[in-house]
Amino acid sequence: MSDLSWPVQQMVYSTLTANAGVKALVGAPARVYDNPPTDPTFPYITIGDDTAREAGAQTFDGQEITLTIHAWSRYGGRKQAKQIAAAVYDALHDQSPSLTGGTLVNLRYEFGTTMQDPDGLTWHAASRFRASVCD
């Protein structure tokens, strides 16, 4: 089985940029980035670090891929960052978007956190998701 972390990231990107709830909060077209511009327009979402691990069995090849989705806001307080995180949750948790090159078994939310960045202006919500995939 080949590494499906890139197809999973593409699936997540496509799902978030097409989702009406996400676009209502981060603009249309949705500001969802792998690598944000130098001076991004707030609010926006980034697809962050991921991990992939073997999760197959004797009868199939499989992987568990975790990835972190970050919401960035300068609204003033946690409210907007939490609203974006909630829209990301609604778009991804227990949904079944199409995955190129494999089969998505499930996509589940694992945890989230919200914090103020050291710049004192930016609020940041991070949400971790786990995708179980097989070939």
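Residues numbered from 1 in each chain as written. Predicted model: local features only at pLDDT ≥ 70, side-chain atom pairs only at ≥ 80, totals over all residues. Heavy atoms only, no water.

(A) Molecular detail of the pairing of strand β4 (residues 103-116). Judged from the twelve bridges that link them, β4 and strand β5 (residues 123-134) form a sheet pairing that is antiparallel. Bridging from a neighbouring strand, T114 pairs with A125 of β5. Here β4 folds back onto β5, and the loop between the two strands holds six residues, one of which, G120, carries a positive phi near 75°. (Pairing = 2+ DSSP bridges. Helix = DSSP H or I, 4+ residues; strand = E, 2+ residues; numbered from the N terminus.)

(B) Geometry of the environment of Y89. Tracing the backbone through its elements, the reader meets Y89 in helix α3 (residues 79-92). Using a relative accessible area of 31% as the deciding quantity, one classes Y89 as partly exposed. With 72 residues separating them along the chain, Y89 and T17 place their C-alpha atoms 14 Å apart. Leave out the neighbours within four places in its chain, and Y89 touches Y109 and F129. (Buried < 20%, exposed > 50% of the residue type's maximum accessible area, 1.4 Å probe, protein only. Contact = heavy atoms within 4.5 Å.)

(C) Examining α3 more closely. End to end, α3 covers 20 Å across 14 residues, agreeing with the expected 20 Å (1.5 Å per residue, within 8%). Three or more residues of α3 are buried, namely Q80, A81, I84, A85, A87, V88, A91 and L92. The buried residues of α3 occupy an angular sector of 160° when projected down its axis, which confines them to one face. Residues of α3 that are buried make contact with α1 (5-18), α2 (20-26), β2 (44-54), β3 (62-73), β4 and β5. Trailing α3 by a residue or two, D94 shows a phi angle of about 60°, which is positive. (Expected span 1.5 Å × (residues − 1). Arc of directions from axis to C-beta.)

(D) Spatial organisation of the packing of α1 against α3. It is at 10 Å that the axes of α1 and α3 come closest, and there the two elements cross at 115°. Between α1 and α3 lies a crossing whose hand is right-handed. Residue-level inspection shows V12, T15 and L16 of α1 in contact with α3, the latter providing V88, A91 and L92. The class makeup of the residues in the contact of α1 with α3 is five nonpolar, one polar and no charged. (Axes fitted to C-alpha atoms, helices over the stretch in contact; angles between N-to-C directions. Left-handed = near helix turned anticlockwise from the far one by under 90°. Nonpolar A, V, L, I, M, F, W, Y, C, P; charged D, E, K, R; others polar.)

(E) Representation of the environment of H70. Position of H70 relative to the elements: it lies in strand β3. Relative accessible area serves as the criterion here: at 17%, H70 is assigned to the buried category. With residues up to four places along the chain from it excluded, the contact list for H70 reads Y44, I45, T46, G48, H124, A125 and A126. There is a polar contact of 2.7 Å between the side chain of H70 and the side chain of H124. (Polar contact = N/O pair within 3.5 Å; in protein donor to acceptor, adjacent residues only side chain to side chain.)

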